[in-house]
Amino acid sequence: MFDQITLSNGLRVIGERLDHVRSVSVGLWLDAGSQYEIPPEAGISHFLEHMAFKGTARRTARQIAEEMDAVGGQLNAFTSKECTCFYAKVVDENLPLAIDVLSDLVTAPKFDPVELEKEKGVVIEEIAMAEDSPEDVVHELIMLSHFGDQPVARPILGSEERVSAFTREDLHAYWHNMYAPEHAVLALAGHYDWQEVIALAEKHLLAWRGGARPRRDTQTHSVPVTRLAREKDTEQMNLCLGFPGVAIGDKRSYEFSLVNSVLGGSMSSRLFQKIREESGLAYSIYSYPNSYTDCGLLTVYAATRPDSLAQVAEMTLREVRALAEKGMTQGEFEMARQQLRAGYILGQESTSARMNAAGRRLLLLNKTRSEEEVIAAIDGMTFEAANDMAKALLSAEPSVALVGKGARKALEGLEV
């Protein structure tokens, strides 16, 4: 069960106490992500996350690093489409320091002009690194192919042009408007005293105030799927096919994950066995699900030689259509369900995984879900419902993204 409280400033605090561990993972979650940026702000959520570590009102960048390293703690952050999370993992006795540092990062970033210009270079290098990876590029491209020019499809990192143009005033305005306690969650999992957690939250976060702003409307609409190509001087062709998915919180989310597992989400999956193991046409072939608050996407990825591209695409689509039309076998269903069940249970041994699940779900859905509820939902899936999901998702026309040397010409002749 979860400990839970809402402070008077609107900050939600949630904890899952685990008596058998000595660590505690804690995260400050904010609903500030790339999906909520307007075009001139593209990449600012991620850039702000970087800048928070470059100094606060009370700490320099070096002090932030050294204080956590001095106690052997872990400190980091990430930005996604729909949220930003600053998180730490420490021995339980160092929880006060972790909450202090995380609160400092979120509520008092300094945005030093000198550090800002230096960090622009760091983020631009990160963008360049992603651009040098054709696998990263094709995964970005399939989002644009499937969702069109909607917020969910825009890159989290932004562009070199936009990052180069950010000013201290831009960052401060975005931070003031988007970093607000009523749109945030403090989540913990591990060994802690709940009354101490409340006292620490009140000490460091009760005075926090943010701009009073409504959540930006980012409703994702269905659009006609497209086929996009990017030229890259690579040895392989990188192919993605995109199919409809389900949103976070959808009651069919476990069936969605199960269909992915059967199709390409495991070593025993149809795509891995048929295209890699039996045919030897690709080293990397897999599928994965993405779920957001109002939409989802099931992506199939393959990397292969240019002269094998047409065959790999044809075989991939054949397996997709067979699963949609004929369904999975009872054996495939049972194996995939056990994979999901075991994967979830094994993940529960990590305080970080528990904190992430609780914080993200409370932030985005304002709901909690216990371990017992998750296992019951997985165990309660039926063979018929799983096959209905496969048919509903995989019968659709796929969006297509292709990256590689001669990709535009290759895409024209691709029968997908």
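Residues numbered from 1 in each chain as written. Predicted model: local features only at pLDDT ≥ 70, side-chain atom pairs only at ≥ 80, totals over all residues. Heavy atoms only, no water.

*Asks:* Explain the packing of helix H10 (residues 270-278) against helix H11 (residues 309-326) to me, using residue names and the numbers behind them.
*Replies:* For any two helices packed against each other, one specifies the inter-axial angle together with the distance between the axes. In contact at an axis separation of 10 Å, H10 and H11 are set at 150 degrees when each is read in the N-to-C sense. Judged by the angle between their axes, H10 and H11 are roughly antiparallel. Between H10 and H11 the crossing geometry is right-handed. Facing Arg270, Leu271, Lys274 and Ile275 of H10, the residues of H11 in contact are Val312, Met315, Thr316, Glu319, Ala322 and Leu323. For the contact of H10 with H11, the residue count by class is six nonpolar, one polar and three charged. (Axes fitted to C-alpha atoms, helices over the stretch in contact; angles between N-to-C directions. Helix = DSSP H or I, 4+ residues; strand = E, 2+ residues; numbered from the N terminus. Parallel < 35°, antiparallel > 145°, perpendicular 65-115°, else oblique. Left-handed = near helix turned anticlockwise from the far one by under 90°. Contact = heavy atoms within 4.5 Å. Nonpolar A, V, L, I, M, F, W, Y, C, P; charged D, E, K, R; others polar.)

*Asks:* Now, about the pattern of salt bridges: what can you tell me, with residues and values included?
*Replies:* One pass over the full model with this rule turns up 28 salt bridges. Where Arg252 meets Asp250, a salt bridge forms, and the shortest distance between an N and an O atom there is 3.0 Å. A relative accessible area of 39% places Arg252 in the partly exposed class. Connected through shared salt-bridge partners, Arg58, Arg59, Glu67, Asp100 and Asp104 make up one network. (Salt bridge = Lys/Arg side-chain N within 4 Å of Asp/Glu carboxyl O. Buried < 20%, exposed > 50% of the residue type's maximum accessible area, 1.4 Å probe, protein only.)

*Asks:* A description of unusual backbone geometry should follow, citing residues and the corresponding values.
*Replies:* Phi at Phe111 is positive, roughly 55 degrees, even though this residue is not glycine. Among the structural elements, Phe111 can be located in the loop between helix H3 (95-107) and helix H4 (113-131). The phi torsion at Asn366 lies on the positive side, around 55 degrees, for a residue other than glycine. In this structure, Asn366 sits in the loop between helix H13 (351-365) and helix H14 (371-379).

*Asks:* Can you break down the nonpolar core residue by residue, with the values?
*Replies:* Counting 52 residues, the largest nonpolar core has Tyr179 and Leu188 as its most contacted members. For this core, the element with the most residues is H3, which contributes eight residues. Leu258, Val262, Ala324 and Leu414 belong to the second-largest nonpolar core, a separate cluster that totals 44 residues. (Core = buried A, V, L, I, M, F, W, Y, C linked by side-chain atoms within 4.5 Å.)

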